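# Chain and residue survey
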Amino acid sequence: MPMSLIADNLASVKQRMAEAARKVGRDPQNVRLVVVTKTVPVERITEAGAIGGCVFGENKVQEARDKIETLGTESYHWHFIGHLQRNKVKYIPGLFELIHSVDNSELAEEIHRHSMKHDLVTPVLIQVNVSGETSKSGVAPDDLEELLEMMVSLNGISVRGLMTIPPFDPDPEKSRKHFGALRRLRDRMQKVNIENIAMDELSMGMSNDFEVAIEEGATWVRVGTAIFGGRDAH
Ligand SMILES: *Cc1c(COP(=O)(O)O)cnc(C)c1O
């Protein structure tokens, strides 16, 4: 794909995001974009980055480390959006501004421990399996409160909100109930008001359904294919 096309795609995604926000009376500034760069080589990423202080989302620690080493963390912002293996956590303090995918207490403790070693606090979202699909990562909605209570004592992490990946359906309207369920769960946890746990962020919506996610309250959407085109199997 020619580079100018990537820039055009990025501009178009941002435009569609703003329209979706306005449609439901939300301020477009409250919906931010994670440009999903997994499998995309550095040369193509920089083209997208040039058009405005982008946040990039990666789902493999080693691939992310290589890219961050090349591009740095000053002009670019990095989020981790994939399944995080515990033995890779030692690499992550200081690399990512937000981890979208914490879904169990062992992983949370490991992130806490390694962050404390570096005198850092790592912001995280809790990934929730709202659809109940067995193949999906994420804590079950019924177990969320217990996980959050356990995380209160972990000073090396700061919980900012929730994330979900609904089952893929070519019809984005099919995702709406899952996005709504995550928002209601977030609202409920806000009322429970657990000490040191913020519930401001909702990471939901990908290329196929980000507009519906924004209508349902997303504060972060994670978009790859609509910007860079299809990925090869990875
Ligand atoms: C790959 C990925 C995305 C982006 O998906 P697209 O359909 O390419 O926009 C979003 N979130 C997560 C967690 C991903 O792994």
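Everything numeric in this text was worked out from a predicted model, so none of it was measured.

A separate point is the site of the ligand. Lining the immediate environment of the ligand, one finds Val 36, Lys 38, Ile 81, Ile 165, Met 206, Ser 207, Arg 222, Val 223, Gly 224, Thr 225 and Arg 231. Here Ser 207 contributes a side-chain N or O atom positioned 2.5 Å from an oxygen atom of the ligand. In this structure, Gly 224 approaches the ligand through a main-chain N or O atom, which is 2.8 Å from an oxygen atom. Computed on the free molecule, the ligand has an accessible area of 390 Å², of which 89% lies beneath the protein chains in the complex. A per-class count over the shell around the ligand returns five nonpolar, three polar and three charged.

This paragraph deals with the side chain of Ser 203. By the element assignment, Ser 203 lies in strand S7 (residues 197-203). Here the side chain of Ser 203 touches Arg 222 through a polar contact of 2.8 Å, side chain to side chain. Beyond its immediate chain neighbours, meaning those up to four positions away, Ser 203 contacts His 100, Leu 125, Leu 162, Met 163, Thr 164, Leu 182, Trp 220 and Arg 222.

Attention now moves to the pattern of salt bridges. Per the stated rule, a full pass over the model turns up 12 salt bridges. Here Glu 215 ties to Arg 176 by a salt bridge, and the two come within 2.8 Å at their closest N and O atoms. Of this pair, Glu 215 sits in helix H7 (residues 210-215) while Arg 176 sits in helix H6 (residues 176-192), and the two are 39 residues apart along the sequence. We classify Arg 176 as partly exposed; its relative accessible area is 23%. With its nearest N and O atoms 3.0 Å apart, the salt bridge here joins Asp 187 to Arg 186. The class of Arg 186 is buried, set by a relative accessible area of 11%. One continuous salt-bridge network, built from bridges that share partners, spans Lys 23, Glu 173, Arg 176, Arg 183, Glu 215 and Glu 216.

Calculation criteria
Residues numbered from 1 in each chain as written. Predicted model: local features only at pLDDT ≥ 70, side-chain atom pairs only at ≥ 80, totals over all residues. Heavy atoms only, no water. Near = heavy atom within 4 Å. Polar contact = N/O pair within 3.5 Å; in protein donor to acceptor, adjacent residues only side chain to side chain. Areas by Shrake-Rupley, 256 points an atom, 1.4 Å probe, with all protein chains shown as cover. Nonpolar A, V, L, I, M, F, W, Y, C, P; charged D, E, K, R; others polar. Helix = DSSP H or I, 4+ residues; strand = E, 2+ residues; numbered from the N terminus. Contact = heavy atoms within 4.5 Å. Salt bridge = Lys/Arg side-chain N within 4 Å of Asp/Glu carboxyl O. Buried < 20%, exposed > 50% of the residue type's maximum accessible area, 1.4 Å probe, protein only.

Any functional reading would require information beyond the geometric quantities listed.
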